[in-house]
Amino acid sequence: MPVGGANVAPESSSTAPAGRLRITEIFHSIQGEADAIGWRTVFVRLTGCPLRCTWCDTEYAFHGGGWHAIDDILREVAQHDVRHVCVTGGEPLAQKRCLLLLRRLCDAGYEVSLETSGALDVAAVDPRVRKVMDLKAPDSGECARNLWSNLAHLTPRDQLKVVIASRGDYEWARAQVAAHALDRRCMVLFSPVHGAVQPRDLAEWIIADRLPVRFQLQLHKLLWNDAAGH
Ligand code: SF4
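Quick caveat: nothing in here was measured; it's all calculated off a predicted structure.

Next up on the list: the sheet that holds strand E1 (residues 20-30). Strand order in the open sheet formed by nine strands is E3-E1-E2-E4-E5-E6-E7-E8-E9, and the pairing between neighbours is mixed. Both edges of this open sheet fall to strand E3 (66-69) and strand E9 (214-215), since each of them pairs with a single strand only. As judged from the seven bridges shared by E1 and strand E2 (residues 40-46), these two strands associate in the antiparallel manner. The partner of Ile26 across the bridge, within E2, is Val44.

Below, the discussion takes up unusual backbone geometry. Of the consecutive residues Gly89 and Gly90, the connecting peptide bond is found in the cis state with omega at 10 degrees. Checked against the element boundaries, Gly90 lands in the loop between strand E4 (84-88) and helix H2 (98-107). Of note in the backbone geometry, Ala34 takes a positive phi value of approximately 65 degrees without being a glycine. For Ala34, the location among the structural elements is in the loop between E1 and E2. Even without a glycine there, the phi angle at Arg210 is positive, about 50 degrees. Among the residues examined, Arg210 registers a relative accessible area of 76% and is labelled exposed.

Taken together, the side chains of Phe215, Leu217 and Leu222 make up a nonpolar region of the molecular surface, amounting to roughly 260 Å² of accessible area. By the secondary structure assignment, Phe215 is in strand E9.

For helix H5 (residues 199-208), the set of buried residues is Leu202, Trp205 and Ile206. All buried residues of H5 fall inside an arc of 95 degrees around its axis, so they share one side. Exposed and oriented more than 90 degrees from the buried face of H5 are Arg200, Ile207 and Ala208. Looking at the buried side of H5, the elements it contacts are strand E7 (159-164), helix H3 (167-180), strand E8 (187-192) and E9. A positive phi of about 50 degrees marks Arg210, the residue just after H5.

Before going further, it helps to examine H2. All of the buried residues along H2 are Cys98, Leu101, Leu102, Leu105 and Cys106. Down the axis of H2, the smallest arc covering the buried residues is 135 degrees, so these residues share one side. For H2, the secondary structure elements touched by its buried residues are E1, E2, helix H1 (70-78), E4 and strand E5 (111-116). A positive phi of about 95 degrees marks Gly109, the residue just after H2.

Thresholds applied
Residues numbered from 1 in each chain as written. Predicted model: local features only at pLDDT ≥ 70, side-chain atom pairs only at ≥ 80, totals over all residues. Heavy atoms only, no water. Pairing = 2+ DSSP bridges. Helix = DSSP H or I, 4+ residues; strand = E, 2+ residues; numbered from the N terminus. Buried < 20%, exposed > 50% of the residue type's maximum accessible area, 1.4 Å probe, protein only. Patch = residues over 30% accessible without salt bridge, like charges linked within 9 Å, V, L, I, M, F, W, Y side chains within 5 Å. Areas by Shrake-Rupley, 256 points an atom, 1.4 Å probe, with all protein chains shown as cover. Salt bridge = Lys/Arg side-chain N within 4 Å of Asp/Glu carboxyl O. Arc of directions from axis to C-beta. Contact = heavy atoms within 4.5 Å.

See the structure below:
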C-alpha cells in the first residue's frame with residue numbers, strides 16, 4: 001500500500017449497497033505521473049479490474065475493499081485540502097457509479113483525473129475530467145483488450161500512456177503512434193516497466209527515432225517504491 005497518506009479503512013461487505021462504490025483506499029500523496037506530476041493529490045482507488053496485466057503493481061486492488069457512499073468519499077477528499085483528485089484502480093470504470101463520482105468531484109471544483117486501462121468505454125466520462133488512458137502493449141498480455149474506439153474520445157486535455165516492457169513493446173508503440181497519429185490527439189507518454197527496460201534505453205530510443213512522445217518515469221517509484229494506478 002502506498003505511503004504518504006491517510007487511508008480509509010475498508011468496510012467489509014460482499015453485496016453492492018445502492019449508491020455506493022467499492023473502494024480499496026483513499027490517500028493523500030504526490031502525483032507520480034502524467035501531466036499533473038508533482039502536485040499534491042488525493043487518490044481514490046476503486047476496487048476491481050477485469051484485466052490482468054503481467055506487470056501490474058496494484059494487484060491488491062483486485063479484491064476486497066469496502067463500500068462507501070459518494071458523499072462520504074467527497075467528505076474524505078475534502079479533509080486533505082487539495083486541488084487535484086485522481087480516480088484510479090484497479091479499473092475504476094468497471095464500477096458504473098464511477099461516472100457519478102467523477103461528475104460530483106468536478107462539480108465540487110477539483111481538478112479531476114481518471115486513470116483507466118483503455119479497455120472500457122470512456123465515452124460517458126465527464127468532459128471536465130482529464131483522462132489518463134493506457135494503450136496496452138503486447139508484453140502486458142492484455143493488448144487484445146484495447147478498445148480502439150476510445151481513441152476518438154481523447155482530447156488535447158487527455159493523455160495516452162504506453163507502458164513499455166521490451167524493445168518489442170517499444171516498436172509496437174512507435175507503430176501505433178504513427179498509424180493513428182496519436183500525438184495529434186493528445187499527449188502520448190512512454191513509460192518503462194520498472195526492472196524490465198532500462199529507463200535510459202527507452203529515453204535513447206525515443207531520441208534516436210525523434211518520436212513526438214513524452215518520456216516518463218514514475219515519481220512515486222523513485223520516492224517511495226510505491227504502486228501506481230495502471
Ligand atoms: S495494470 Fe491496471 S488495467 Fe492492468 S491489471 Fe493492473 S489495475 Fe488492471
